[in-house]
Amino acid sequence: MKRLTYTGNDVEITYDVERCIHAAECANGLPGVFDPNRKPWVDPNGASADEVAAVIQRCPTGALKFRRTDSGSAEVPAENATIAVAEDGPLYVTGNLHIHMPDAEQPLVETRAAFCRCGASKAKPFCDGAHQEAKFRDGCRVDLARAVDAEYSDDTDVIDVTPLADGPLKVEGLIEIAGADNAETGRFAGAFLCRCGASSNKPFCDGSHREIAFEAAGS
Ligand code: FES
């Protein structure tokens, strides 16, 4: 994992190169701080720490993070966990995420992440933008047959995300899953989400990973 750190007067910015798929929320939101045509491309003193924090929290992949070195607040995870299924693209997940990486003793604690669902990423379980070259196509209709009628608790519950070896992404906890146009949105008490690209019931796993002999590290 290649991570770069940019230290400013009031805020430290970290950039995980492999997890950036150029959503450009940063460059569009604060071009004085994030300028891909400048070296270094991040200037943490190019805006106030509050502005930097606000824009970084719009980074949908979690490639950008911040740590306040002034008295400002740390990022707070979204109270209600959600998965946005991107058309022809990844699963954008927000919430109090505990990501159980293969062979890691402690989970990665994150608030935002983009997970590969085409099977082509070299940074699995995360998306690295490979779906474009792989010409992954999915209109992301969400089958609501297993949706539940449940309310989020008042606390910000932990959502456990575990990539299973040669299989799907296991998500545990109440989470809302939305298709591309939000036309089909439902809450699910956990889910097994396809990450091989072959399921006929995307975004859910239907067991097709066995037929295509999908290989990926996991638990
Ligand atoms: S992971 Fe794709 S069908 Fe199971």
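Some thoughts on the overall build of the chain
Link 1 in the chain: Regarding its fold elements, the chain presents four helices and nine strands.
Link 2 in the chain: Here the C-alpha atoms of the chain give a radius of gyration of 18 Å, agreeing with the 17 Å that 2.2 N^0.38 yields for 219 residues.
Link 3 in the chain: Each of the three principal axes of the chain carries a C-alpha extent, and together these read 50 × 40 × 35 Å.
Link 4 in the chain: Burial status across the chain gives 36% buried among its 219 residues.
Link 5 in the chain: Sequence separation of 24 or more characterises 58% of the internal contacts of the chain that already satisfy a separation of 6 or more.

Here's the deal with the domain arrangement of the chain
Link 1 in the chain: Partitioning the chain into domains gives domain 1 (3–68) and domain 2 (82–211).
Link 2 in the chain: Put simply, the middle of domain 1 and the middle of domain 2, counted by C-alpha atoms, are 25 Å apart.
Link 3 in the chain: Counting from both sides, the interface comprises eight residues of domain 1 and, opposite them, 10 residues of domain 2.
Link 4 in the chain: Considered class by class, the residues forming the side of domain 1 that touches domain 2 number three nonpolar, three polar and two charged.

Some remarks on the environment of Asn 45
Link 1 in the chain: Locating Asn 45 in the fold gives a position in the loop between α1 (25–29) and α2 (49–56).
Link 2 in the chain: Separated by 51 residues in the primary sequence, Asn 45 and Asn 96 place their C-alpha atoms 28 Å from one another.
Link 3 in the chain: Among residues more than four places away in sequence, those in contact with Asn 45 are Gly 8 and Asn 9.

Observations concerning the sheet that holds strand β2 (residues 11–16)
Remark on secondary structure: sheet strands pair via backbone hydrogen bonds, oriented parallel or antiparallel.
Link 1 in the chain: If you trace the three strands from one edge of the open sheet to the other, you get β1-β2-β3, paired in antiparallel fashion. Edge strands, defined here as strands with exactly one partner in the open sheet, are β1 (3–7) and β3 (64–68). Taken over all neighbouring pairs, the strand axes of this sheet differ in orientation by 20° on average, direction set aside.
Link 2 in the chain: Of the strand pairs in this sheet, β1 and β2 are connected by five bridges, and their pairing is antiparallel. In the sheet register, Thr 7 faces β2, and the bridge partner there is Glu 12.
Link 3 in the chain: The strands touched by α2 within the sheet are β2 and β3, with β3 carrying the most contacts at an inclination of about 150°.

Each value, and the rule that gives it
Residues numbered from 1 in each chain as written. Predicted model: local features only at pLDDT ≥ 70, side-chain atom pairs only at ≥ 80, totals over all residues. Helix = DSSP H or I, 4+ residues; strand = E, 2+ residues; numbered from the N terminus. Rg over C-alpha atoms; globule rule 2.2 N^0.38 Å. Buried ≥ 20, exposed ≤ 12 C-beta atoms within 10 Å, placed from the backbone. Contact = placed C-beta atoms within 7 Å. Domains from an automatic or database assignment. Nonpolar A, V, L, I, M, F, W, Y, C, P; charged D, E, K, R; others polar. Pairing = 2+ DSSP bridges. Axes fitted to C-alpha atoms, helices over the stretch in contact; angles between N-to-C directions.

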